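Below, each chain spelled out in residue letters.
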Amino acid sequence: HHHSFSPLFSPCSSQELFRPLLFASTAVIQFIMAGMGPPPGMGQVMVLNSKTQRKTGREAQLSNIAAAMAVANIIRTTLGPQSMLKMLLDPMGGIVMTNDGNCILREIDVSHPTAKSMIELSRAQDEEVGDGTTSVIVLSAQMLSTAQPFLLNKFHPTVIVQAYTKALAHALEAAEQMALEIDVQKDHEWMSKLVMSSIGTKFSSRWNEKLVDMAIQAVLTVTETSLGGMPQVDIKRYAKVEKIPGGELDDAKVLKGIMFQKDITHSKMRRRIEKPRILLLDSPLEYKKGESQTTMEISDDQDWNTMLKLEEEYVERMCEDIIAAKPDVVITEKGVSDLAQHYLQKANITAFRRLRKTDNNRIARATGATIVSRTDEIVESDIGTKCGLFEMRKLGDDWFCFLDECEDPKACTIMLRGGSKDVLNEIERNLQDAMQVVRNVVYNPKLLPGGGATEMALAVSLRKKGQSLQGIQQG
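Anyway, here's the lowdown on the structure attached to this text. (Residues numbered from 1 in each chain as written. Predicted model: local features only at pLDDT ≥ 70, side-chain atom pairs only at ≥ 80, totals over all residues. Heavy atoms only, no water.)

## Let's talk about the packing of aromatic side chains
1) Next: Within the structure shown, the criterion is met by 3 aromatic pairs.
2) Next: Ring centres of F260 and F352 lie 5.5 Å apart, and the angle between their planes is 80°; on these two criteria the pair is classed as edge-to-face. With F260 in strand β8 (residues 258-260) and F352 in strand β12 (residues 350-352), the pair connects residues that are 92 residues apart, well separated along the chain.
3) Next: Since its relative accessible area comes to 1%, F260 is described here as buried.
4) Next: Measuring from ring centre to ring centre gives 5.9 Å for F352 and F390, while their planes differ by 75°; the resulting arrangement is edge-to-face. Placement of the pair is F352 in strand β12 and F390 in strand β14 (residues 389-395), with a sequence separation of 38 residues.
5) Next: For F352, a relative accessible area of 0% translates into the label buried.
6) Next: A relative accessible area of 0% places F390 in the buried class.
7) Next: The ring of W399 carries the charged tip of R271 above its face, separated from the ring centre by 4.5 Å.
8) Next: Against the face of F402 rests R393, its NZ or CZ located 4.1 Å from the ring centre. (Phe/Tyr/Trp six-rings, centres within 6.5 Å; stacked < 30°, edge-to-face > 60°. Helix = DSSP H or I, 4+ residues; strand = E, 2+ residues; numbered from the N terminus. Buried < 20%, exposed > 50% of the residue type's maximum accessible area, 1.4 Å probe, protein only. Lys NZ or Arg CZ within 6 Å of the ring centre and 35° of its normal.)

Next up, the structure:
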């Protein structure tokens, strides 16, 4: 028979060196033997791994459609006013409760390539638009299943795709004509209607009014006009959501300023200051040891004291630089030594240490301060004076620092309260969706009628357009 021994299983011998030669010769033998069997060229050549499933042609297209439908069926029930939440167990054993399509699909692992690309689709939608992650999947699955009869009628896929592209171009034109322009800052009613339609179907619908207002407020706060006159909205960086378990959702609000979870460094410092002057640093207020490991040998007792004195003087000088600027609140990203705390407290200055860099940037935007890197370079213009009230408040069992009532802040904190962690996470997701929607309107202030009206109008105009096309493309 035409078996040839496969060199891969040949016993390891001293012929290791000749392995390539051996390999080549067996290959030749194989071919000769193959030639002896059936007529030449009939043997099946396996290019792929024998385990790999390969589908071709019609079968592949139909299975693609089936896969897309399967993905859509998973999330179909989270769409619309009668939607339900899904509970997922993630690999760690935690639970996620959500009806954000993207969130659900992120947790599912899929092996079918088409299903994978559907999931990518919803992710792209989440990054670009921020909302409509579920609808995008359900719609595309529908598009595929409408294409199915055409495939069965032996239409070529490229023809179908071309037709879809034409339809898309036409639909966009039609939508442009129906659009209604609004003024983002003034038309509050329109804005809230718009956001309502985004989170009306979400879990948080009980507090809709509240959430809508919060989303709009937060986005309009962080909107700034860049040089080119295009509005810029950076939600991720400047609208921070702080989730604090406990309390009732009604206590949630958008602050006209910033809050962060830090206690003051010294118990005697002031806990409430009106109209504070705020100074932001990103340098440590402590004696700096050398970067590399340095050792000092001290031979004399006096030298030891001198060294300590130098360290103390260094800290003292830094504190004097700060006190000279007369701030009320000093916030640094690095450490504050006990000595520095003492000096600042004597000057009646409240200090915070080890603040996250992102928080510091937000405070800078909200209070109009500049983050200073070295204490000897502080100028009056670096100090933030736009904050109306500095106050420490206790929420749950942590102290939070509030910088509230800023005038025209360019950053804000959204404080969410609620029963459990899962609820808070879901509400944060809903809020993110809502804020993204507002952001899109700020970028492109046009509205279309909702409730399926736009879709109906598009369908009608597409049908009209379709009758004017020739030949096979009409379908």
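## A word on the environment of A215
1) Next: Along the polypeptide, A215 turns up in helix α8 (residues 208-222).
2) Next: Classification of A215 by relative accessible area gives buried; the value is 0%.
3) Next: Put simply, A215 and V438 are 223 residues apart on the chain and 7.4 Å apart in space, counted from C-alpha to C-alpha.
4) Next: For A215, the contacting residues outside a window of four places in its chain are L431, A434, M435 and V438. (Contact = heavy atoms within 4.5 Å.)

## Some words on the nonpolar core
1) Next: Core analysis: the biggest nonpolar cluster contains 75 residues, and F260, I331, F352, L403, I414 and L416 have the highest contact counts within it.
2) Next: By size, the runner-up hydrophobic cluster in this structure holds 14 residues, among which are V71, V96, M118 and I137. (Core = buried A, V, L, I, M, F, W, Y, C linked by side-chain atoms within 4.5 Å.)

## As for the layout of surface pockets
1) Next: Each pocket or cavity is described by its volume, and for the second largest pocket that value is around 600 Å³.
2) Next: For the lining of the second largest pocket, the secondary structure elements donating two or more residues are α3 (101-107), α4 (113-128), α9 (235-238), β6 (239-245) and α13 (421-443).
3) Next: Broken down by element, the residue count for the lining of the second largest pocket peaks at 8 residues, all from α13. (1 Å grid on protein atoms, 1.4 Å probe; cavity = no way out; pocket = protein on both sides within 12 Å on 5 of 7 lines; lining within 4 Å. Points joined across faces, edges and corners; volume = space filled by probe spheres on them.)

## Re helix α12 (residues 357-367)
1) Next: Among the 11 residues that make up α12, 8 are buried, leaving the element largely enclosed by the rest of the structure.
2) Next: Those residues of α12 that fall on the buried side of the exposure criterion are D359, N360, R362, I363, A364, R365, A366 and T367.
3) Next: Looking one or two residues past α12, G368 carries a phi angle of roughly 80°, positive in sign.

## Overview of the sheet that holds strand β13 (residues 371-372)
Strand pairing in a sheet relies on backbone hydrogen bonds, with the paired strands running either antiparallel or parallel.
1) Next: If you trace the 4 strands from one edge of the open sheet to the other, you get β12-β11-β10-β13, paired in parallel fashion. At either end of the open sheet lies a strand with only one pairing partner, and these are β12 and β13.
2) Next: Bridge count between strand β11 (residues 329-332) and β12: 3 bridges; the pairing is parallel. Of the residues in β12, the one forming a bridge with V329 is T350. (Pairing = 2+ DSSP bridges.)

## Describing α8
1) Next: For α8, which comprises 15 residues, the first-to-last C-alpha distance of 21 Å matches the rise-based estimate of 21 Å (1.5 Å per residue) to within 8%.
2) Next: By the criterion of burial, α8 is predominantly enclosed, with 11 of the 15 residues buried.
3) Next: The set of residues buried in α8 consists of N208, L211, V212, M214, A215, I216, A218, V219, L220, T221 and V222. (Expected span 1.5 Å × (residues − 1).)

## Brief notes about unusual backbone geometry
1) Next: Residues other than glycine seldom take positive phi values, yet K275 does so here, at roughly 50°.
2) Next: On the basis of relative accessibility, which here comes to 53%, the residue K275 falls in the exposed class.
3) Next: Here the phi dihedral of E405 falls at roughly 55°; this positive angle occurs in a residue that is not glycine.
4) Next: Structurally, E405 can be placed in the loop between β15 (398-404) and β16 (412-418).

## Some words on the pairing of β15
1) Next: By the criterion of burial, β15 is predominantly enclosed, with 5 of the 7 residues buried.
2) Next: Inspection of the sheet shows β8 paired to β15 by 3 bridges, in the antiparallel sense. Bridging from a neighbouring strand, I258 pairs with L403 of β15.
3) Next: Summarising the sheet, β14 and β15 pair through 7 bridges and their orientation is antiparallel. Across the sheet, the residue bridging to F390 is L403, located in β15.
4) Next: Linkage of β14 to β15, two consecutive antiparallel strands, is achieved through a turn of 2 residues, within which G396 is found at a positive phi near 65°.

## Quick notes on the pattern of salt bridges
1) Next: On inspection of all chains with the given rule, the structure shows 16 salt bridges.
2) Next: A salt bridge links R270 to D328, with the shortest nitrogen-to-oxygen separation between them at 3.2 Å. With R270 in the loop between β8 and β9 (272-274) and D328 in the loop between α10 (301-324) and β11, this pair connects stretches of sequence that are 58 residues apart.
3) Next: Across the salt bridge formed by E391 and R272, the nearest N and O atoms sit 3.2 Å from each other. Of this pair, E391 sits in strand β14 while R272 sits in strand β9, and the two are 119 residues apart along the sequence.
4) Next: When salt bridges with common partners are traced through the structure, they connect R272, E274, E391, R393 and D404 into a single cluster. (Salt bridge = Lys/Arg side-chain N within 4 Å of Asp/Glu carboxyl O.)

## What to know about the environment of F260
1) Next: C-alpha separation for the pair F260 and T413, spaced 153 residues apart in sequence, amounts to 8.7 Å.
2) Next: Those residues in contact with F260 that sit more than four places away from it in its chain are I331, F352, L355, D359, I363, F400, C401 and L403.

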